[in-house]
Amino acid sequence: MFNALNRARAMTRATRPAQTRKLKPWQAALIGLAACTPSLAIAIDAWAAPPVVQSAPAFTSDRLSVEVVGSGPDVILIPGFASSREVWRATADRLKATHRVHLVQLAGFAGEPWSHGSEGPFVAPVVEALNTYITTRRLDRPAVIGHSMGALVGLRLAQSRPESVGRLMSVDSLPFFSAMFGPTVTAEAARPFADQAAAGILQTPDEAFRTGQSQSAIGLARDPVTRAAMVEWSMAGDRGAMAAAIHDVMTNDARPGLAAMTTPVTVLYAADADGGAPAAMADATWTREYAALPGATLIRVDGSRHFIMADQPERFAELVADLLK
C-alpha cells in the first residue's frame, strides 16, 4: 500500500527540516499515503388501510456519507486518504446488478464537508460512524472492501465490531502504515514523522501543494486518468481533515488486535517492477506485517502501484468476484 504515505512526503517537501531522513525512491513510492436510503415496503392490512412504506431509520453523520446503488447482498466500499468515492465507481458499476453497493465518502476528502479541525482522532470516529450506518440500515454482515486508509478503517471495524463485518478485503494497506519506515518502528517513534507530515499539509501554499500532489501521483498509480483525478481530489479536500487523517494513520497500530480476529480477510498488495514496489520487498513486508492474522489470504498484484483497482482493473474485478462468491 504505502504509496499513500508518499502523498505525505510530497506534501511536506516545502517545509521539511534539513535533518529529515531521505527515503530511497522505492520506499517513497511504497510508503506514500498515498444515499440513497434503502427502504422496505410493507403492505399492512390492505383491507383496513392504504399500503404503508416503512423506511429504515435516517442516517446522518459528520464523518461520512454513503451513496447506495444496486440490489442484492451488501458490499461496502471505502476509499483511502484524500480520495473520492469515485475511485470505486467502476467496481460499483460492475457489482450493482447483483449486489447492493454502499459507496462511502469520508468527510473532509474530495470536497466533502469537514468540521473537526486539524487535530484529534480520525480513524476511530469513522469506524464508529460506519458501524452506526451498518446497524441503522440493518445490514447483515456486509462484505467490506477498503483501499489504503479505507482498509485500515475496515480492519479496525472488524476488530472492534466483528458482528458488523462478514468479510474484509484490504487493498494495498498495512495494519500499521509506519511499519514501512522499518520493522522495529513503533507508533511513538513514528510521531515526529506524523507531526511533520501534518504540518506540511497545513503549511504548503496551494501552488506548491498541487505540484507535490502531481509528483506523488506518479508513484501512486500507473493509470494517467487516476493520477489526474487524485490531484483534483486532494486540491478539493480540507487541509485540516487531511492533516488529522495522516497524523492519525501514521500513529495507528492495529497489529496487536490481529491475532484475536475471526473475520475472513483477503489482503491485496501491489508490486511493480517499473517504478513501483519491488516484488520481493513487498512480499517480505506484507507477510511480516500480517503474520499474526489467522487465515489471512495474501495476494500480490503485479504491474500495479497503490491504486490496484485502477492499474489492474480486470485482475481486481476477478479478485472481488472471488471474495463475494
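Structural data are supplied above this passage.
Residues numbered from 1 in each chain as written. Predicted model: local features only at pLDDT ≥ 70, side-chain atom pairs only at ≥ 80, totals over all residues. Heavy atoms only, no water.

Peer 1: Which residues make up the environment of serine 178, and what values go with them?
Peer 2: Inspection of the secondary structure assignment puts serine 178 in the loop between β7 (167-171) and α6 (187-203). Residues serine 178 and methionine 250, 72 residues apart in the sequence, show an inter-C-alpha distance of 5.4 Å. (Helix = DSSP H or I, 4+ residues; strand = E, 2+ residues; numbered from the N terminus.)

Peer 1: How would you summarise the sheet that holds strand β9 (residues 297-302) if you had to cite specific residues and measurements?
Peer 2: If you walk across this open sheet you meet the 7 strands as β3-β5-β4-β6-β7-β8-β9, and the pairing is mixed. Whereas interior strands pair on both sides, the edge strands pair on one side only; in this sheet they are β3 (64-69) and β9. Taking each pair of neighbouring strands and ignoring which way they run, the sheet shows an average axis angle of 20°. One ladder, built from 4 bridges, connects strand β4 (residues 74-78) with strand β5 (residues 100-106); its direction is parallel. If you follow aspartate 74 over to β5, its bridge partner there is arginine 100. On top of the sheet, helix α5 (residues 149-160) reaches β4, β5, β6 (143-147) and β7; it is set at about 145° to β6, its chief contact. (Pairing = 2+ DSSP bridges. Axes fitted to C-alpha atoms, helices over the stretch in contact; angles between N-to-C directions. Contact = heavy atoms within 4.5 Å.)

Peer 1: Can you lay out the pattern of salt bridges for me, pointing to particular residues and giving the numbers?
Peer 2: It is possible for side chains of opposite charge to pair when their charged atoms get near one another. In the structure shown here, the tally under the stated rule is 19 salt bridges. In this structure, the salt-bridge partner of arginine 210 is glutamate 232, at a minimum N-O distance of 2.8 Å. Of the two residues, arginine 210 sits in helix α7 (residues 206-220) while glutamate 232 sits in helix α8 (residues 224-236), which places them 22 residues apart along the sequence. The partner of arginine 300 in a salt bridge is aspartate 283, with the nearest N and O atoms 2.8 Å apart. Here arginine 300 is found in strand β9, whereas its partner aspartate 283 is found in helix α10 (residues 279-289), with 17 residues between them in sequence. Exposure remark for aspartate 283: the relative accessible area of 24% places this residue in the partly exposed category. Residues joined by salt bridges that share partners form a network here, namely Glu67, Arg85, Glu86 and Arg89. (Salt bridge = Lys/Arg side-chain N within 4 Å of Asp/Glu carboxyl O. Buried < 20%, exposed > 50% of the residue type's maximum accessible area, 1.4 Å probe, protein only.)

Peer 1: Pulling in residues and values, what's your account of the nonpolar core?
Peer 2: By size, the foremost hydrophobic cluster in this structure holds 64 residues, and its most contacted members are Leu64, Phe81, Leu106, Phe122, Leu130 and Met149. At 8 residues, helix α9 (residues 239-250) tops the list of elements feeding residues into this core. Beyond its immediate stretch of four places on either side in the chain, leucine 106 contacts Arg63, Leu64, Ile78, Pro79, Glu112, Phe122, Val126 and Met149. Core analysis: the second largest hydrophobic core is formed by 31 residues, Val75, Val101, Ile299 and Val301 among them. (Core = buried A, V, L, I, M, F, W, Y, C linked by side-chain atoms within 4.5 Å.)

Peer 1: Before we move on, can you summarise the packing of aromatic side chains with the specific residues and values?
Peer 2: Inspection of the entire model under this criterion finds 7 aromatic pairs. Aromatic pair phenylalanine 59 and tyrosine 133: ring centres 5.1 Å apart, planes at 80°, arrangement edge-to-face. Highlighted residues: phenylalanine 59 in the loop between β2 (52-55) and β3 and tyrosine 133 in helix α4 (residues 123-136), separated in sequence by 74 residues. Taken individually, phenylalanine 59 and tyrosine 133 each receive the classification buried, so the pair is uniform in this respect. Ring centres of phenylalanine 109 and phenylalanine 122 lie 5.4 Å apart, and the angle between their planes is 15°; on these two criteria the pair is classed as stacked. Residue phenylalanine 109 is located in the loop between β5 and α4, and its partner phenylalanine 122 is located in the loop between β5 and α4; the two are separated by 13 residues in the primary sequence. Residues phenylalanine 109 and phenylalanine 122 agree in their burial class; the two are buried. Chaining the aromatic ring pairs together yields one cluster made of Phe81, Phe109, Trp114 and Phe122. Sitting above the plane of the phenylalanine 209 ring, arginine 239 keeps its charged end 3.7 Å from the centroid. (Phe/Tyr/Trp six-rings, centres within 6.5 Å; stacked < 30°, edge-to-face > 60°. Lys NZ or Arg CZ within 6 Å of the ring centre and 35° of its normal.)

Peer 1: Go over the pairing of β9 with me, naming the residues and quoting the values.
Peer 2: With 6 bridges connecting them, strand β8 (residues 265-271) and β9 associate as parallel partners. The residue of β9 that forms the bridge with valine 267 is leucine 298. Read from β8 through α10 to β9, the crossover connection turns out right-handed. (Right-handed = clockwise from strand over helix to strand, strands pointing away.)

Peer 1: Please set out helix α12 (residues 313-324) residue by residue, giving values where relevant.
Peer 2: An ideal rise of 1.5 Å per residue puts 16 Å on 12 residues; α12 measures up with 16 Å between its terminal C-alpha atoms. Those residues of α12 that sit buried are Phe316, Ala317, Leu319, Val320, Leu323 and Leu324. All buried residues of α12 lie within an arc of 165° about the axis, which places them on one face of the element. (Expected span 1.5 Å × (residues − 1). Arc of directions from axis to C-beta.)

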